[in-house]
Amino acid sequence: VWQIRSLYSPKEISVMRQATEQELAQWDEQLVHNPDGGNILQTKAYGDFKAAHKWPAHFAVAELKDGSRVQITFLTRKVVGFGEIWYAPKGPGVKDLTQLKEFIAQVRAYVTDKNVFMVKFEPDLLMTDAPKSKLEKLGLVKSKFNLQWNQATTLVDLSLSEDDIIASFKQKTRYNIRLAARKGVEVHPVDLTKQNMTTMYGLLKATQERGGFYMRSQEYLEDFWQAYGGAGMGQLFFASHEGEVLSGLYALYLGKKGLYKDGGSTRDKANLMAPYVMQWEVMKWLKERGVTEYDLHGMPPADQLENPDHPLAGLVQFKSGFNPGLTEYVGVYNLPIDQAKYDKWTKYGERVATTYSFKVKKEL
């Protein structure tokens, strides 16, 4: 590689490489310099957390011809009889199809000797900018499943003044925020004590029982909250009234991006509209820390917004009150590395693995 590089300028040849120890020590701080501004699920904190939950992380760096540097976190899983699946959650952090095309070429070369039969990508490229037809020309195949809830989502612009932000909400949302504040609902960041995490899980469980969506175990979520809290990228909030916790929210943030990760509420005193003022106070808290884009983490896609059976249908009215616009990303695409094994996986293996996870282990 050194001999080849000596014959060409850096703009003419690039090679993906494994991250160095020094790069890993500054991984999260430098991630914001990715072309997409960094993503909270590409952090070392997330990689280390998932490694403890049976998805070892592999950290690599790609230098692109335009001078961009892309840090990439892959989660890996060995599949007996097939090899390894590598998954880049919300990655790679590229900004357009040109960068993605070069990145894919580097990945192909990088994994050839690593027994990888498939790589799963999930870049935050808009569907309008990266239509399926163009992604397929890059050798990508649309996955049967999108893995993160915010493939379609609602974004709130926090770069505006507070007055302009709240003015952008729907009238009913503004009313509910002011009603909650007037009735004495208070929102505060709280520590990740065992008691507070148990309270938060109870709020999530109550919401899950009403909405019927999938929910992780308490142990898993506590590990997640502590991983990000310890890394200074996560914060738990409670909304309370007269000492009673009515609503909880766990927010993530990295650079200029914030994410509404987990939220739940009790039906007690529902007339006080605690979740509305909770979101508003969290937005102001994030704005104070330099966040300019707040992701409300998941909406049904455009063609499912009116479907009452969609898992996120119950959140449409609430989230659209903060921004009626819908942002849709391309979702998950597969890059076959070993075509024969990939074909067998999509025909047989994936179905068996999915059934086992959902019906036997009760996991995603």
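Residues numbered from 1 in each chain as written. Predicted model: local features only at pLDDT ≥ 70, side-chain atom pairs only at ≥ 80, totals over all residues. Heavy atoms only, no water.

Draft legend 1. Local environment of the side chain of Thr153. Mapped onto the fold, Thr153 is located in strand β7 (residues 152-153). Note on Thr153: relative accessible area 0%, which makes it buried. In this structure the side chain of Thr153 is engaged in a polar contact, spanning 3.2 Å, whose partner is the backbone nitrogen of His297. Those residues in contact with Thr153 that sit more than four places away from it in its chain are Asp295, Leu296, His297, Gly298, Met299, Gly325, Leu326, Thr327 and Tyr329. (Helix = DSSP H or I, 4+ residues; strand = E, 2+ residues; numbered from the N terminus. Buried < 20%, exposed > 50% of the residue type's maximum accessible area, 1.4 Å probe, protein only. Polar contact = N/O pair within 3.5 Å; in protein donor to acceptor, adjacent residues only side chain to side chain. Contact = heavy atoms within 4.5 Å.)

Draft legend 2. Broad picture of the sheet that holds strand β8 (residues 155-157). The mixed open sheet is built from 6 strands, whose spatial order is β8-β13-β12-β11-β10-β9. This sheet does not close on itself; its edge strands, each paired only once, are β8 and β9 (186-190). Here the average twist between neighbouring strands, direction ignored, is 25°. Relative to strand β11 (residues 244-254), strand β10 (residues 234-241) runs antiparallel, the two sharing 8 bridges. Among the inter-strand pairings, Gly234 is bridged to a residue of β11, identified as Leu252. Where helix α10 (residues 218-230) meets the sheet, its contacts fall on β10, β11 and β12 (257-265), and the angle it forms with β11 comes to roughly 55°. Those strands touched by helix α11 (residues 274-288) are β8, β9, β10, β11, β12 and β13 (293-295), and its axis lies near 30° from that of β11. (Pairing = 2+ DSSP bridges. Axes fitted to C-alpha atoms, helices over the stretch in contact; angles between N-to-C directions.)

Draft legend 3. Representation of helix α4 (residues 44-51) within the structure. Those residues of α4 lying buried are Ala45, Tyr46, Gly47, Phe49 and Lys50. Buried-residue contacts for α4 involve α3 (27-31), β2 (57-63), β3 (69-79) and α10.

Draft legend 4. Main features of the pairing of β12. Burial analysis of β12 places 7 of its 9 residues in the buried class, which makes it a mostly covered element. Here 8 bridges tie β11 to β12, and the two strands are oriented antiparallel to one another. For Ala251, the partnering residue across the bridge sits in β12 and is Tyr260. Taken together, the 3 bridges between β12 and β13 define a ladder with parallel strand orientation.

Draft legend 5. Up close: the sheet that holds strand β1 (residues 17-18). Ordered in space as β1-β2-β3-β4-β5-β15-β6, the 7 strands form an open sheet in which the pairing is mixed. A strand with exactly one partner marks an edge of an open sheet, and here the two such strands are β1 and β6 (141-142). Here strand β4 (residues 83-87) runs beside strand β5 (residues 116-121); their pairing, made up of 4 bridges, is parallel. When the sheet's bridge partners are listed, Ile85 is paired in β5 with Met118. Across the sheet, α4 lies against β2 and β3, angled at about 150° from β2, the strand it touches most.

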